[in-house]
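This is what each chain is made of:
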Amino acid sequence: MKIQIIPLEKIVIDGKDIYLGMTRSDVITLLGDGEFTHRHYYYNNEMAIDYDEDGKVEFIEFLGGVDGTLQPVIYGKPAFETLADDIVSILSDKNGNEIDDRENGYSYAFLNISVGIYRPTTPKGVEEDIEEMKSDGEYDVEYAEEEMRKASHWATIGIGVKGYYM
C-alpha cells in the first residue's frame with residue numbers, strides 16, 4: 001500500500017485523497033465506516049481520523065510505527081522506517097523555528113506545518129534501562145536491541161489543519 005503525507009493538505013492512500021477539511025461522509029465514501037469510538041479507525045487501527053465539531057477532518061494519524069503494515073512517506077522519506085533524528089531534521093527544515101519540543105525527545109509538534117510525531121521511549125531511556133538491567137543482573141541482549149530499534153524510530157505521525165498544534 002502506497003501512502004503519502006502532504007502536510008496542511010492531505011494524505012494519499014493508493015490513489016485516494018483524504019483532505020484535511022473533507023467531510024466525514026466523503027471520507028466514509030472513500031474508506032468505509034471504519035471503527036468509530038471518538039475517532040474513526042481504519043486499517044486494523046493503524047490510521048485514525050479526527051473530525052471537528054462540523055464533521056470535517058481536522059487530524060489524520062498513523063499509529064503503526066516501524067513494525068506496522070502502513071508505512072507512510074513524508075517529504076520523500078518513510079516516516080517510520082527512517083531514523084527518528086533524520087525525520088526531526090527533515091521536518092525542522094520544512095517547518096522553521098516554531099517547534100514544540102517540550103517532551104524531551106518523546107514527541108515534537110511542528111507548528112507551521114501542523115505535523116506531530118511521538119514515540120513511547122527514546123534511545124537515552126533505553127540506555128538507562130539497559131544499565132539498570134545490567135546492574136540487576138537481568139540483561140537480555142535481544143530485548144535491549146529490539147527496544148533500541150523501536151526507540152530509534154517514531155511510533156506515530158499525524159497531520160492536522162493549520163493551527164492544530166497551537
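Residues numbered from 1 in each chain as written. Predicted model: local features only at pLDDT ≥ 70, side-chain atom pairs only at ≥ 80, totals over all residues. Heavy atoms only, no water.

As for the sheet that holds strand 3 (residues 16-19)
Move 1: The mixed open sheet is built from five strands, whose spatial order is 3-2-1-8-9. Strands with a single pairing partner mark the edges of an open sheet, and in this sheet they are strand 3 and strand 9 (77-78).
Move 2: The pairing of strand 1 (residues 3-6) with strand 2 (residues 10-13) spans four bridges and is antiparallel. Directly across from Ile 3, in strand 2, lies its bridge partner Ile 13. (Pairing = 2+ DSSP bridges. Helix = DSSP H or I, 4+ residues; strand = E, 2+ residues; numbered from the N terminus.)

Describing the packing of aromatic side chains
Within a pair of aromatic rings, the relevant descriptors are the distance that separates the centres and the angle that separates the planes.
Move 1: Applying the stated criterion across every chain yields a total of five aromatic pairs.
Move 2: The interplanar angle of 80 degrees and the centroid separation of 6.3 Å between the aromatic rings of Phe 59 and Tyr 165 together place this pair among those described as edge-to-face. Here Tyr 165 lies in the segment after strand 13 (156-160) and Phe 59 lies in strand 7 (residues 57-62), a separation of 106 residues in the sequence.
Move 3: Sitting over the face of the ring of Tyr 51, Arg 24 holds its NZ or CZ atom 4.3 Å from the ring centroid.
Move 4: We note Arg 119 situated over the ring of Trp 154; from NZ or CZ to the ring centre the distance is 4.4 Å. (Phe/Tyr/Trp six-rings, centres within 6.5 Å; stacked < 30°, edge-to-face > 60°. Lys NZ or Arg CZ within 6 Å of the ring centre and 35° of its normal.)

Comments concerning the sheet that holds strand 6 (residues 47-51)
Move 1: Spatial strand order, 4-5-6-7-13-12-11-10: eight strands in an open sheet with antiparallel pairing. Of all the strands in the sheet, the pair left with one neighbour each is strand 4 (35-36) and strand 10 (99-100).
Move 2: Pairing of strand 10 with strand 11 (residues 107-110) involves two bridges; the strand directions are antiparallel. From the neighbouring strand, Ile 99 faces strand 11, where its bridge partner is Phe 110.
Move 3: The sheet contacts of helix 2 (residues 84-95) involve strand 10, strand 11 and strand 12 (115-118), and relative to strand 11 the element is tilted by about 20 degrees. (Contact = heavy atoms within 4.5 Å. Axes fitted to C-alpha atoms, helices over the stretch in contact; angles between N-to-C directions.)

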